[in-house]
Amino acid sequence: MAALTVENRRTLTLIATILGSSLDYLVTLRAVAQAAVPKVADWCTVHVLERGELRQLAIAHVDEQKVVFAEELQERYPLAASPFAYVAESGRAQLVSDVSEEMLAQAAVDELHLDILRELGLLSYMCVPLLAHDRILGVITFVTAESERRYDESDLGFAEELGRRAGTTIENARLYAEAEEQARAARVLATVGDGVCLVDREGIVRLWNPAAQAILGRTFRVTQHRGEFVDSPLAPLVTATVHPSSILRSRTDEERRSAFDAFVEDLRRVARAAHVSP
């Protein structure tokens, strides 16, 4: 990686301060995009991966009217003329020092789109992944136009380092939010008299309260014993299945249908057993 320029090191220090200013990464990443303009780029966009899909989190330019224009353009041509999807999928940074007419023509969806891209006057861009432990959490893109600046390897090194720091910020914020959610759930479960288990989409019990432990026993595992009836002094028929909300959180329609079918089969099994139970 090429050595960072003095200006890039200063900007990286500023952005590191922004990233560490809050555990709300949605706020900090928007602030990062604003801080990058015009120090690093004329345009800066941030996209995060959520359930396998890219969602635009921020777009920045010194001219707010151009931001509105760019947002309308992306609504008309979603993810067109952008390296977002490729970088998010491959994890490989992209650097184009000089955006050529041929590149614009290849990226354009139609003649109107090509005219708009020409009007924007895009000169140079780089797009890098937001990484945490080799996991891709999103992408950040820098583009020059009015400033007539051309990016080089030193600039790419700066962008990649920023991407790693931003990725770590996202991961830490999500881990903190998960820990807070579990702590809140544990406090609630401790006050509930009924047996309650919190199970993730992989079927792993993340939390359960004392009543659930008394009903199902310490050795019960949903991943191994789901749908099985266990001996309990509290009721003649005791079993466990997933919470219906976990079905709605399935990543794809196929996973959702499969989870729903399995849940219905659990209910049918209980109904059959209850019907024949003395």
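Computed from a predicted model, the values in this text were never measured in an experiment. (Residues numbered from 1 in each chain as written. Predicted model: local features only at pLDDT ≥ 70, side-chain atom pairs only at ≥ 80, totals over all residues. Heavy atoms only, no water.)

Overview of the nonpolar core
Judged by nonpolar contacts, the single largest core of 35 residues is most densely connected at Leu-29, Val-46, Ile-140, Phe-142, Phe-158 and Leu-162. Mapped by element, the contributors of at least two residues to this core are α1 (6-19), α2 (25-36), β1 (43-50), β2 (53-60), β4 (124-132), β5 (135-144) and α7 (153-189). Ranked by the residues each element gives to this core, the list is headed by α7, at seven residues. Ile-59, Val-99, Leu-117 and Ala-145 belong to the second-largest nonpolar core, a separate cluster that totals 13 residues. (Core = buried A, V, L, I, M, F, W, Y, C linked by side-chain atoms within 4.5 Å. Buried < 20%, exposed > 50% of the residue type's maximum accessible area, 1.4 Å probe, protein only. Helix = DSSP H or I, 4+ residues; strand = E, 2+ residues; numbered from the N terminus.)

Notes on a negative patch on the surface
Taken together, Asp-63, Glu-64, Glu-71, Glu-72 and Glu-75 make up a surface patch of like negative charges. Looking at the secondary structure, you find Asp-63 in the loop between β2 and α3 (64-76). Judged by its relative accessible area of 31%, Asp-63 falls in the partly exposed class. (Patch = residues over 30% accessible without salt bridge, like charges linked within 9 Å, V, L, I, M, F, W, Y side chains within 5 Å. Areas by Shrake-Rupley, 256 points an atom, 1.4 Å probe, with all protein chains shown as cover. Salt bridge = Lys/Arg side-chain N within 4 Å of Asp/Glu carboxyl O. Lys, Arg positive; Asp, Glu negative; His and termini not counted. Charge placed at Lys NZ, Arg CZ, Asp CG, Glu CD.)

Considerations on the side chain of Glu-171
You can see Glu-171 is positioned in helix α7. Leave out the neighbours within four places in its chain, and Glu-171 touches Ala-132, His-133, Arg-135 and Leu-137. (Contact = heavy atoms within 4.5 Å.)

Some words on unusual backbone geometry
Pro-38 follows Val-37 through a cis peptide bond whose omega is 0°. As for its position among the elements, Pro-38 is in the loop between α2 and β1. Phi at His-133 takes a positive value of approximately 55°, unusual for a residue other than glycine. Mapping His-133 onto the fold places it in the loop between β4 and β5. In this structure His-133 comes out as exposed when scored by relative accessible area, which is 67%. Even without glycine at this site, Glu-148 takes up a positive phi of about 65°. Residue position: Glu-148 is located in the loop between β5 and α7.

A look at the packing of α1 against α2
Taken N-terminus to C-terminus, the directions of α1 and α2 make an angle of 160°; their axes are 9 Å apart at the nearest point. As summarised for this structure, α1 and α2 are arranged roughly antiparallel, according to the angle between their axes. You can see that α1 and α2 cross each other, and the crossing is right-handed. Contacts between α1 and α2 involve Ile-15, Ile-18 and Leu-19 on the former and, on the latter, Thr-28, Leu-29, Ala-31, Val-32 and Ala-35. (Axes fitted to C-alpha atoms, helices over the stretch in contact; angles between N-to-C directions. Parallel < 35°, antiparallel > 145°, perpendicular 65-115°, else oblique. Left-handed = near helix turned anticlockwise from the far one by under 90°.)

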